[in-house]
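# Architecture and fold: a report
One-letter residues, chain by chain:
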Amino acid sequence: MIESHQIKLLDLVKALGDYLTADDDSLRPKATMCLSQTLQQLPKSTLSKHDIQVLIGFYLSKFDDVKSIKESLIGINTLIQMDQFPQSNIKPILSALNDQYQSTQHLASTRFFTFDILNNLFELYNSTILKFQEPFIQTFIHIASGEKDPKNLLKSFELNSKISSTLSITKF
């Protein structure tokens, strides 16, 4: 319905509004997941740069909400893959992952999305990542440190190989 313009994304966010900010720890993650899954169903060309910018800001503001972090990571990962993703969002995403995200507080299934975000940023926006090598590598190290889950380790090793062969790692 959003892609056919029968309903606006703003209308969905307004409808979810009270649930996205509810004090109830079971409602907030469900509302955030509803938004993230809706975004996943949209064609990659549907959202404007402004829409994506606002949504990235929203999801990054949810990093202090431990109960909704997985749903927020899913939303960010989806937005990264949109056609109109503003690359100016890369640095704030890296900063939030490095400064506000603590992998030890989350299950392996949640931690997986951080590796997926970094991998998608690397694959889709390699020329921009080359400009932000240091924060990208620092974020990778922050996320990968202490990882023990086999699936996440495989993703980490894959990303490590790409980083080592493409970016300057001499400082690290």
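So, here's what we can say about the structure. Not measured: the values here are computed from a predicted model. (Residues numbered from 1 in each chain as written. Predicted model: local features only at pLDDT ≥ 70, side-chain atom pairs only at ≥ 80, totals over all residues. Heavy atoms only, no water.)

### Topic: helix α6 (residues 108-124)
- Between its first and last C-alpha atoms α6 spans 24 Å; for 17 residues at 1.5 Å apiece the expected length is 24 Å, and the two agree.
- Of all the 17 residues making up α6, 13 are buried; the element is thus mostly covered by neighbouring parts of the structure. (Helix = DSSP H or I, 4+ residues; strand = E, 2+ residues; numbered from the N terminus. Expected span 1.5 Å × (residues − 1). Buried < 20%, exposed > 50% of the residue type's maximum accessible area, 1.4 Å probe, protein only.)

### Overview of the packing of aromatic side chains
- In the structure shown here, the tally under the stated rule is four aromatic pairs.
- Taking 5.2 Å as the distance between ring centres and 40° as the angle between the ring planes, the aromatic pair formed by Phe 85 and Tyr 125 counts as tilted. Here Phe 85 is found in the loop between α4 (69-80) and α5 (90-99), whereas its partner Tyr 125 is found in the loop between α6 and α7 (126-131), with 40 residues between them in sequence. Pair check on accessibility: Phe 85 and Tyr 125 agree, each one buried.
- Residues Phe 122 and Phe 136 carry aromatic rings whose centres are separated by 5.8 Å and whose planes lie at 40° to one another, so their mutual orientation is tilted. (Phe/Tyr/Trp six-rings, centres within 6.5 Å; stacked < 30°, edge-to-face > 60°.)

### Quick word on the pattern of salt bridges
- Counting across every chain of the model gives seven salt bridges.
- Between Lys 162 and Glu 123 there is a salt bridge whose closest N-O contact spans 2.7 Å. Here Glu 123 lies in helix α6 and Lys 162 lies in helix α9 (residues 150-166), a separation of 39 residues in the sequence.
- On the accessibility criterion, Lys 162 (19% relative accessible area) is buried.
- Take Glu 123: its relative accessible area is 45%, and that puts it in the partly exposed class.
- Across the pair Glu 158 and Lys 162 runs a salt bridge whose closest N-O atoms are separated by 3.3 Å. With Glu 158 and Lys 162 both in helix α9 and four residues apart, this pair spans about one turn of that helix.
- Classification of Glu 158 as partly exposed rests on a relative accessible area of 36%. (Salt bridge = Lys/Arg side-chain N within 4 Å of Asp/Glu carboxyl O.)

### Some thoughts on the environment of Pro 43
- Summarising the element assignment, Pro 43 is placed in the loop between α2 (27-41) and α3 (49-61).
- With a relative accessible area of 28%, Pro 43 lands in the partly exposed category.
- The spatial distance from the C-alpha of Pro 43 to the C-alpha of Asp 83 is 9.1 Å, given a sequence separation of 40 residues.

### What about helix α1 (residues 9-20)?
- Here α1 is 12 residues long, yet its end C-alpha atoms lie only 14 Å apart, well below the 16 Å a rise of 1.5 Å per residue gives.
- Three or more residues of α1 are buried, namely Leu 9, Leu 12, Leu 16 and Leu 20. The arc enclosing the buried residues of α1, seen along the axis, measures out at 70°, which places them on a common side. Projecting away from the buried face of α1 at angles above 90 degrees are the exposed residues Leu 10, Lys 14, Ala 15 and Asp 18.
- Along its buried surface, α1 packs onto α2 and α3. (Arc of directions from axis to C-beta. Contact = heavy atoms within 4.5 Å.)

### Observations concerning the side chain of Ser 36
- On the secondary structure map, Ser 36 appears in helix α2.
- We classify Ser 36 as buried; its relative accessible area is 0%.
- In terms of polar contacts, Ser 36 uses its side chain to reach the side chain of Tyr 59, at 2.8 Å.
- Reaching out from Ser 36, the side chain makes a polar contact with the backbone oxygen of Glu 71 at a distance of 2.8 Å.
- Among residues more than four places away in sequence, those in contact with Ser 36 are Tyr 59, Glu 71, Ile 74, Gly 75 and Thr 78. (Polar contact = N/O pair within 3.5 Å; in protein donor to acceptor, adjacent residues only side chain to side chain.)

### Notes on the side chain of Glu 71
- Among the secondary structure elements, Glu 71 is positioned in helix α4.
- What Glu 71 contacts, discounting residues up to four positions off in sequence, is Pro 29, Thr 32, Met 33, Ser 36 and Tyr 59.

### Some details on the environment of Leu 39
- Summarising the element assignment, Leu 39 is placed in helix α2.
- According to the relative accessible area criterion, Leu 39 is buried, its value standing at 0%.
- Not counting chain neighbours up to four residues away, the residues in contact with Leu 39 comprise Leu 9, Leu 47, Leu 55, Tyr 59, Thr 78, Leu 79 and Met 82.

By themselves, these figures tell us nothing about what the structure is for.
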